[in-house]
Amino acid sequence: MAGWVEACGVDDVEEEDVIRFDHGGRTFAIYRSPDDEFFATDGYCTHEKSHLADGLVMDDIIECPKHNGRFNYKTGAAKGAPVCVNLKTYPVRVEAGKVMIQVG
Amino acid sequence: MATVKMKRDYSLVGESTRIAIETGLASAEWYHTDVPRKTMKELMQRSDGPAIRDTIIWIAAILGSAAGGIWFWGSWWCVPFFFVYGVLYGSSSDSRWHECGHGTAFRTRWMNDVVYQIASFMLMRNPVTWRWSHARHHTDTIIVGRDAEIAVMRPPDLLRAALAFTGVLDYRYSLPTLLRNAFGNLSPGEKSFVPEMEQHKAVIAARWHIGIYLAAIALALYLWSFLPLVLIGLPRLYGSWHMVLTGLLQHIGLADNVTDHRLNTRTVTMNPISRFIYWNMNYHVEHHMFPMVPYHALPKLHELIKHDLPEPNPSMWHAYREVWPVLIKQLQYEDYFLKRELPPTARPYRDEFHELTVPAAAE
């Protein structure tokens, strides 16, 4: 299917955590929720260019390491200052122990 | 590399702003001590427990000292109660504002927000504009023309710094700013760091603050007593000294226009009472390097990365003794600053990043 790429293995991401995935000159963040589901968003905070993969995952929230801006990583919704612009999310599926995201 | 010497322009829309953006000092990538992700995750973990405990103590102490002050109002016995009340209202509010603004004090967001709003009021700070100015302070710490929270500019205005201990400056600057905001007016500087979609919130917040002050004045007139104003507003005059005593040390006398918090920020060892009032913000290098770490985990973070940081000042007295001669020299030569020595175990300062901007380092 168009645009699907392998981002990582399922064991590469701990539960309630996030890792960085670079592909095609872009940076993504791959999340594993506390209930063991995977999600993907753009890798940079929409406030300032900071890697969300260095941030903290709490339930369904990712908190940016630079200014503590919070997003719901499942929907991309910005949860208040200093982030005002939503995060772009990407479809994710798990196949044979691999986390695939649709970047196209 | 050629060095352009010019007088510092601290406005947020001036020549220094332009230069900071053009040279890449604005929104730069900053130095961080390496900490394994697993360890950092543990340090970043949020918990409501410590902040709830501390906030219960804080509110109980505020209410208790206020009650004592009211009870003994009219006699000298009210003075020690208002001394305590003033510091809790006028100084400890700053660290609560700060930690809750970062959203790190409590795990639960609304708890951070409630304490943030209360503390902002106590500080005569617009909760909206100051949230954004503090984000800028973390992006561009002590970058001239970018950082809206540089407490002592160069050359240092020592009279102004001294007056800050009395809280008079809040009435000279903060209150008029709130009034201006309440009338719907944000300055060009404020507009430079508050996004347009948030600016109306700053106006609403300012109106609430001014409304509460007006209510306190009305109550004072109705009761024909200063007591309501001694409880609301005036604590900035008699209680902000501790906030200034601890807060000034964060960056004063150190480098500006650098991208390494070890060069422009100071950690100071303090007594436990000051650390409670200040909520561990004496670990200030650690806080700036890793703002995600809650106040209660900063001592642990300090132990983990101290091999890579300048040695902390062992006391506030030591820090001020270190700073004073630097300030005196800056009166004549504003490029002078204190470059703090790193231990042998630390990664060296990245001179290649700083030679443009720190040509006159004093060690």
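Bear in mind the structure is a predicted one, so any value in this text is a computation, not a measurement. (Residues numbered from 1 in each chain as written. Chains lettered and ligands numbered in written order. Predicted model: local features only at pLDDT ≥ 70, side-chain atom pairs only at ≥ 80, totals over all residues.)

Peer 1: Quick one: what's the story with the environment of Asp140 of chain B, residue by residue and with numbers?
Peer 2: Residues and elements named next belong to chain B. Mapped onto the secondary structure, Asp140 falls in the loop between helix 7 (127–139) and helix 8 (158–164). Classification of Asp140 by C-beta neighbours within 10 Å gives buried; the count is 26. Taking the C-alpha atoms as reference points, Asp140 and Asp256, 116 residues apart in sequence, are found 10 Å from one another. For Asp140, the residues in contact, after removing those within four places along its chain, are Ala26, Ser27, Arg146 and Asp147. (Helix = DSSP H or I, 4+ residues; strand = E, 2+ residues; numbered from the N terminus. Buried ≥ 20, exposed ≤ 12 C-beta atoms within 10 Å, placed from the backbone. Contact = placed C-beta atoms within 7 Å.)

Peer 1: Mind laying out the UniProt feature "transmembrane region" (unreviewed entry) in chain B, listing which residues take part and the relevant values?
Peer 2: Residues and elements named next belong to chain B. As annotated by UniProt and renumbered to match this structure, "transmembrane region" (unreviewed entry) occupies residues 55–88 and 210–234. The span residues 55–88 carries 82% helix and 0% strand; its end-to-end C-alpha distance comes to 11 Å. The span residues 210–234 is 76% helix and 0% strand, and its two end C-alpha atoms sit 14 Å from each other. (UniProt positions renumbered as here; feature names shortened; annotations may be inferred.)

Peer 1: I'd like to hear about the nonpolar core, residue by residue, with values.
Peer 2: Counting residues in hydrophobic clusters, the biggest one holds 93 residues, and the most contacted among them are Ala29 and Ile30 of chain A. Excluding residues that lie within four positions of it along the chain, Ile30 of chain A makes contacts with Ala7, Cys8, Val13, Val18, Ile19, Phe21, Phe38, Ala40 and Val99 of chain A. Residues Leu25, Ile142, Ile143 and Val144 of chain B belong to the second largest nonpolar core, which totals six residues. (Core = buried A, V, L, I, M, F, W, Y, C linked by C-beta atoms within 7 Å.)

Peer 1: Can you break down the packing of helix 7 of chain B against helix 11 (residues 196–223) of chain B residue by residue, with the values?
Peer 2: All names here are of chain B. In the contact formed by helix 7 and helix 11, the axes pass within 7 Å of each other and the chain directions differ by 130°. Taken together, the axis directions place helix 7 and helix 11 in an arrangement best described as oblique. Counted together, Pro127, Val128, Thr129 and Trp132 of helix 7 and Glu198, Lys201, Ala202 and Ala205 of helix 11 form the full contact between these two elements. Residues belonging to the contact of helix 7 with helix 11 are distributed by class as follows: five nonpolar, one polar and two charged. (Axes fitted to C-alpha atoms, helices over the stretch in contact; angles between N-to-C directions. Parallel < 35°, antiparallel > 145°, perpendicular 65-115°, else oblique. Nonpolar A, V, L, I, M, F, W, Y, C, P; charged D, E, K, R; others polar.)

Peer 1: I'd like a rundown of the packing of helix 5 (residues 92–102) of chain B against helix 6 (residues 109–122) of chain B, residues and numbers included.
Peer 2: Residues and elements named next belong to chain B. Orientation of helix 5 relative to helix 6, taken along the N-to-C sense of each, is 145°, at an axis distance of 8 Å. Handedness of the helix 5/helix 6 crossing: left-handed. Listed contacts from helix 6 to Ser93, Arg96, Trp97, Cys100 and Gly101 of helix 5 are Asn112, Val115, Tyr116, Ala119, Ser120 and Met122. (Left-handed = near helix turned anticlockwise from the far one by under 90°.)

Peer 1: Lay out helix 4 (residues 78–90) of chain B with the relevant residues and their values.
Peer 2: Relative to the 18 Å expected for 13 residues at 1.5 Å per residue, helix 4 of chain B spans 17 Å between its end C-alpha atoms, a close match to the ideal helical length. Along helix 4 of chain B, the residues classified as buried are Phe82, Tyr85, Gly86, Val87, Leu88, Tyr89 and Gly90 of chain B. (Expected span 1.5 Å × (residues − 1).)

Peer 1: Summarise the UniProt feature "domain: Fatty acid desaturase" (unreviewed entry) in chain B; cite the residues concerned and give the values.
Peer 2: Following the UniProt record, the feature "domain: Fatty acid desaturase" (unreviewed entry) maps to residues 75–319 of chain B here. Along residues 75–319 of chain B one finds 62% helix and 0% strand; the C-alpha atoms at either end are 38 Å apart.

Peer 1: Run through the UniProt feature "domain: Rieske" (unreviewed entry) in chain A, naming residues and quoting values.
Peer 2: Residues annotated by UniProt as "domain: Rieske" (unreviewed entry) correspond here to residues 5–101 of chain A. From the first C-alpha to the last, residues 5–101 of chain A spans 6 Å; its make-up is 0% helix and 44% strand.

Peer 1: Give a detailed account of the interface of chain B and chain A, specifying residues and quantitative values.
Peer 2: Between chain B and chain A, the residue contacts involve 17 residues of the former and 13 residues of the latter. Within the residue set of the side of chain B that touches chain A, elements represented by two or more residues are helix 2 (37–44), helix 7 and helix 11 of chain B. Counting residues per element, the side of chain B that touches chain A draws most heavily on helix 7 of chain B, which supplies five residues. Its residues placed into classes, the side of chain B that touches chain A shows seven nonpolar, six polar and four charged.

Peer 1: Quick one: what's the story with the sheet that holds strand 7 (residues 70–72) of chain A, residue by residue and with numbers?
Peer 2: All names here are of chain A. Judged by pairing direction, the sheet is antiparallel, and its three strands sit side by side in the order 5-6-7 without closing on themselves. If you trace the sheet from one side to the other, it starts and ends with strand 5 (56–58) and strand 7, each paired once. On average, each strand axis in the sheet is inclined to that of its neighbour by 25°, with strand direction left out of account. (Pairing = 2+ DSSP bridges.)

Peer 1: Give a detailed account of the pairing of strand 2 (residues 17–23) of chain A, specifying residues and quantitative values.
Peer 2: Residues and elements named next belong to chain A. Across seven bridges, the pairing between strand 2 and strand 3 (residues 26–32) is antiparallel. Across the sheet, the residue bridging to His23 is Arg26, located in strand 3. Where strand 2 folds back onto strand 3 in an antiparallel hairpin, the turn is made up of two residues, including Gly24, whose phi is positive at roughly 55°.

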